[in-house]
Amino acid sequence: LERFFYRGHWCYVGLECEVPNPGDFKRTVVGERSVILVRDRGGDIRVVENRCAHRGVAFCRERHGNRKTFVCPYHQWNYTLKGDLQGVPFRRGVKGKGGFPADFDPKQHPLRKLKVECINGAVFASFDERTLPMKDYLGDELYKRLLRVFDGRELKVLGYQRQKIKSNW
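Cut-off values and rules
Residues numbered from 1 in each chain as written. Predicted model: local features only at pLDDT ≥ 70, side-chain atom pairs only at ≥ 80, totals over all residues. Heavy atoms only, no water. Pairing = 2+ DSSP bridges. Helix = DSSP H or I, 4+ residues; strand = E, 2+ residues; numbered from the N terminus. Salt bridge = Lys/Arg side-chain N within 4 Å of Asp/Glu carboxyl O. Buried < 20%, exposed > 50% of the residue type's maximum accessible area, 1.4 Å probe, protein only. Core = buried A, V, L, I, M, F, W, Y, C linked by side-chain atoms within 4.5 Å. Contact = heavy atoms within 4.5 Å. Lys, Arg positive; Asp, Glu negative; His and termini not counted. Polar contact = N/O pair within 3.5 Å; in protein donor to acceptor, adjacent residues only side chain to side chain.

Quick notes on the sheet that holds strand β8 (residues 85-87)
Link 1 in the chain: Taken in spatial order, the 3 strands make up an open sheet running β6-β7-β8, and their pairing is antiparallel. For this open sheet the edge positions go to β6 (70-71) and β8, each flanked by a neighbour on one side alone.
Link 2 in the chain: Pairing geometry for strand β7 (residues 78-79) and β8, over 2 bridges, is antiparallel. Looking at β8, one finds that Asn78 is bridged to Gly87.

Focus on the pattern of salt bridges
Link 1 in the chain: According to the stated counting rule, one finds 8 salt bridges in the structure shown.
Link 2 in the chain: One salt bridge in this structure joins Asp128 and Arg130, with 3.1 Å as the shortest N-O distance.
Link 3 in the chain: One salt bridge connects Glu141 with Arg145, and the closest N-O pair in it is separated by 3.5 Å. A residue pair is termed a helical-turn pair when its members lie 3 or 4 positions apart in one helix, as Glu141 and Arg145 do in helix α2 (residues 134-149) at 4 residues.
Link 4 in the chain: According to the relative accessible area criterion, Glu141 is partly exposed, its value standing at 49%.
Link 5 in the chain: Residue Arg145 is classed as partly exposed on the basis of its relative accessible area of 43%.

Digging into the nonpolar core
Link 1 in the chain: The biggest cluster of nonpolar side chains holds 17 residues, and the ones touching the most others in it are Ile36, Phe59, Phe70, Trp77 and Tyr79.
Link 2 in the chain: With sequence-adjacent residues up to four places away left out, Tyr79 is seen in contact with Cys52, Ala53, His54, Thr69, Phe70, Asp84, Leu85, Gln86, His109, Pro110 and Leu111.
Link 3 in the chain: Tyr6, Leu37, Ile45 and Ala125 belong to the second-largest nonpolar core, a separate cluster that totals 13 residues.

Quick word on the side chain of Lys115
Link 1 in the chain: Looking at the secondary structure, you find Lys115 in strand β9 (residues 115-119).
Link 2 in the chain: Buried charge without a partner: Lys115 forms no salt bridge, and the closest opposite charge is Glu129, 4.9 Å away.
Link 3 in the chain: Of the polar contacts made by the side chain of Lys115, one reaches the backbone oxygen of Glu129; its length is 3.3 Å.

Next comes the structure, spelled out in C-alpha cells:
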C-alpha cells in the first residue's frame, strides 16, 4: 500500500463534473484510505483525507452530497471545504474548566490535504507532496495517451455502476 498508493504516485480520484458546484463532494478511496474530492467555495478542486485531525474519526459517511463545512461527529471539530480547522467546541472550556491550552493554533490542525492535479476534467491526487507533476510522472508517451482520452471535451456523468468482486488483491 505504501509503495503503490501513498508514496510517489498519482491516483485517479474522480471527475471535476462530479462536483460541479461549490460544496459538492464525492467520497472515494486511495488504497485503503477514505478521501473526499470536494469543490471549495472559490471553485477550486480539493482532495482531503476523510479523517479528523483530532482523533482520526471518519467524518463523512455519505458517498456524495453538498456541504458548507465538514464536521466530525465525534467532537464536532469543524473544517472548511479547503480542509482548514475553523471551529472547536468548548475551546476555552466551560465555566473555567477544561479547554485547550492558550497557545492552541487551529492552523496546526488541518485535515490531511492531498496534492491535486486536474487534467481536462480528470482529477488525480497524491498523498506525497514530492510526487512529480503528472506530465513528468507519466512521461511524454503516456501523457499523450491520457490526453487522447481526456481531450478537453465537456465531461458528463451518466450514472454509476458498482460491483463487489471476491479477489485476493
